[in-house]
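# A closer look at the structure
Below, each chain spelled out in residue letters.
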Amino acid sequence: MKTITQIDLTAIIQGEIKNLSGANLAGLDLSQANLMGANLSGANLQNTILRANLKGADLTGTNLVEADLRNADLRGAILLEVSALNASFAGAFLAGAILSHLDLTAVDFRGADLRGVNLVGSILNRTDFSSSNLSGADLSQADLEEAILNGAVLRGTNFTQANLLCVQIEEAVLTGAIFADCCLEGTNIEFIKMV
């Protein structure tokens, strides 16, 4: 892995360096960094504070375990083959991002903008989507066991063949949501808003 010097870190934050493929950025504070369109494929971002502009960035194969991406702009970002256990995407902008076939167990997506996001086949056990916007998102074949969707906007969200075992769905907007062939055993659905 590439090592980062203080000079490099300043250039990264200012958006002057866009190719960070394979870089070791673990534990760094990259708050407010301009990484729009950056290549972060294979980078180590474990425990990194990454509340940054990552719009259109390539994060394929990145280590995001326990990373802090709260309020980050990840619109259109590619997050394939990432490790993101216990990461926080609370309040992040992920509209149009690709997150399919990932293990996102216990990830915090509270209040995140996930409109149209691709989460097909992802493992989302104990993941918290409270007050997030998943309108038009594709969660088909996803495993959402014990996930929390309280207060979420689920307009047109596709849950076809998803595992919704013991999921909490309270005060959510479900207009046009698709629940074809999915497991709803033990799911707590209360006070659904159909607006």
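Further up the page is the structure itself.
Let me begin by describing the structure that accompanies this report. Position numbers for residues count from 1 along each chain, tracking the sequence in the order it is written. Whole-chain, interface and lining totals are the exception, using all residues; otherwise, since this is a predicted model, local features are given only for residues with pLDDT of at least 70 and side-chain atom pairs are given and counted only at 80 or more. Hydrogens and water molecules were not included; the side-chain quantities draw on all heavy atoms of the structure.

## Thoughts on the overall build of the protein chain
Summing up its helical and strand segments, the protein chain has one helix and two strands in all. Helix and strand definitions here come from DSSP, where helices need a minimum of 4 consecutive H or I residues and strands a minimum of 2 consecutive E residues; each element is numbered from the N-terminal end. In the protein chain, the succession of α and β elements from N to C terminus is α-β-β. What the globule rule says is 2.2 Å times the number of residues to the power 0.38, and the radius of gyration is computed from C-alpha atoms. Relative to the globule expectation of 16 Å for 195 residues, the C-alpha radius of gyration of the protein chain, 17 Å, shows essentially globular dimensions. By principal-axis analysis of the C-alpha atoms, the protein chain measures approximately 55 × 25 × 20 Å. Considering only residue pairs separated by 6 or more positions, the protein chain has 1% of its internal contacts joining residues 24 or more positions apart. The charge count includes Lys and Arg as positive and Asp and Glu as negative, but it does not include His or the ends of the chains. Taken as the charge centre is NZ of Lys, CZ of Arg, CG of Asp or CD of Glu, depending on the residue. For the protein chain, the separation between the mean place of its 11 positive charges and that of its 21 negative charges on side chains is 10 Å. Every residue pair with non-hydrogen atoms within 4.5 Å of one another is taken to be in contact.

## Focus: unusual backbone geometry
A negative phi holds for most residues other than glycine; trans holds for most peptide bonds. You will see that Arg126, though not glycine, has its phi angle at about 60°, which is positive. In this structure Arg126 comes out as partly exposed when scored by relative accessible area, which is 48%. With a phi angle near 55°, Glu171 is a residue other than glycine that sits in the positive phi range. Here Glu171 lies in the loop between strand S1 (168–170) and strand S2 (188–190). Residue Glu171 is classed as partly exposed on the basis of its relative accessible area, which comes to 44%. Categorising residues by exposure relies on relative accessible area from a 1.4 Å probe, with only protein chains included: less than 20% of the type maximum marks a residue as buried, more than 50% marks it as exposed, and the intermediate range marks it as partly exposed.

## Examining the environment of Ala97
By the element assignment, Ala97 lies in the loop between helix H1 (6–13) and S1. Note on Ala97: relative accessible area 1%, which makes it buried. Setting aside residues up to four positions removed in sequence, Ala97 forms contacts with Leu74, Gly76, Ala77, Leu79, Val117 and Asn118.

This is a description of form; function is not addressed.
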